[in-house]
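Spelled out, the chains give:
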Amino acid sequence: MSRIGKKPVILPKEVQFNLKGGEIFIEGPKGKLHVSLPNGITLEKQEGQILFKRDSEEAGARSLHGLARSLVQNMVDGVLKGYEKSLDIVGVGYRAEIQAKEIVLSLGFSQQIRYRIPEGIHMKVDKQTHIVIQGADKHQVGQVAAEIRSLRPPEPYKGKGIQYTGERLKRKVGKAAGTKSAA
């Protein structure tokens, strides 16, 4: 039995849970989320918790057992507390600002980059070089952070670009000054 899949998901009082035809709907103070239940996985609700069961012992069913439980646990945590990712912009003249439902990034290109903020995501820009991405859906928060980072990933020599807060970059040594050897 999957070690992750056999753990129950505890439902706090602030979270509502519904199951309609293979779709799981979870609603809480931070928003609403839904996910499809994988084939071969069933669940049952008992006294404020959800238990997951699988129909067979095949390798695929075992992995889906743990996956289904993890997805639902992430949804419960997301609608209760939310998720957050932070990005830092490093470079002279590099900055970000929020205008309406877009984030406008100046990253050293000839034109500014406009990134439309998706539904369910909230962004804040501190000091023009620190972006905070918040939302209830863990996958969506991570995806938006990765898309923004990919607009100007940090380069290995000076570290200029967009990086996750606390990310350790592997820096390369630049070209050494040319000295001619006497031959």
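Residues numbered from 1 in each chain as written. Predicted model: local features only at pLDDT ≥ 70, side-chain atom pairs only at ≥ 80, totals over all residues. Heavy atoms only, no water.

Draft legend 1. Spatial organisation of the packing of aromatic side chains. Counted according to the given criterion, the structure contains zero aromatic pairs. Directly above the ring of Phe25 sits Lys20, whose terminal nitrogen or CZ lies 5.7 Å from the centroid. Over the face of the ring belonging to Tyr164 we find Lys85, whose NZ or CZ atom lies 5.5 Å from the ring centre. (Phe/Tyr/Trp six-rings, centres within 6.5 Å; stacked < 30°, edge-to-face > 60°. Lys NZ or Arg CZ within 6 Å of the ring centre and 35° of its normal.)

Draft legend 2. Region of interest: the sheet that holds strand S4 (residues 31-36). Here we have three strands laid out as an open sheet, ordered S2-S3-S4, and antiparallel in their pairing. The open sheet has two edge strands with one neighbour each: strand S2 (16-20) and S4. For this sheet, the mean inter-axis angle between neighbouring strands, taken without regard to orientation, is 15°. Across six bridges, strand S3 (residues 23-28) lies against S4 in antiparallel orientation. Paired with Glu23 across the two strands is Ser36, which belongs to S4. (Pairing = 2+ DSSP bridges. Helix = DSSP H or I, 4+ residues; strand = E, 2+ residues; numbered from the N terminus. Axes fitted to C-alpha atoms, helices over the stretch in contact; angles between N-to-C directions.)

Draft legend 3. Up close: the pattern of salt bridges. All chains considered together, the criterion is met by three salt bridges. Here Arg114 and Glu102 are joined by a salt bridge, their closest N and O atoms 3.1 Å apart. On the criterion of sequence distance, the pair formed by Arg114 in strand S10 (residues 113-116) and Glu102 in strand S9 (residues 102-106) is long-range, its members being 12 residues apart. Two residues, Glu167 and Arg149, come together in a salt bridge whose shortest N-O distance is 2.8 Å. Residue Glu167 is located in the segment after strand S13 (161-164), and its partner Arg149 is located in helix H2 (residues 138-150); the two are separated by 18 residues in the primary sequence. (Salt bridge = Lys/Arg side-chain N within 4 Å of Asp/Glu carboxyl O.)

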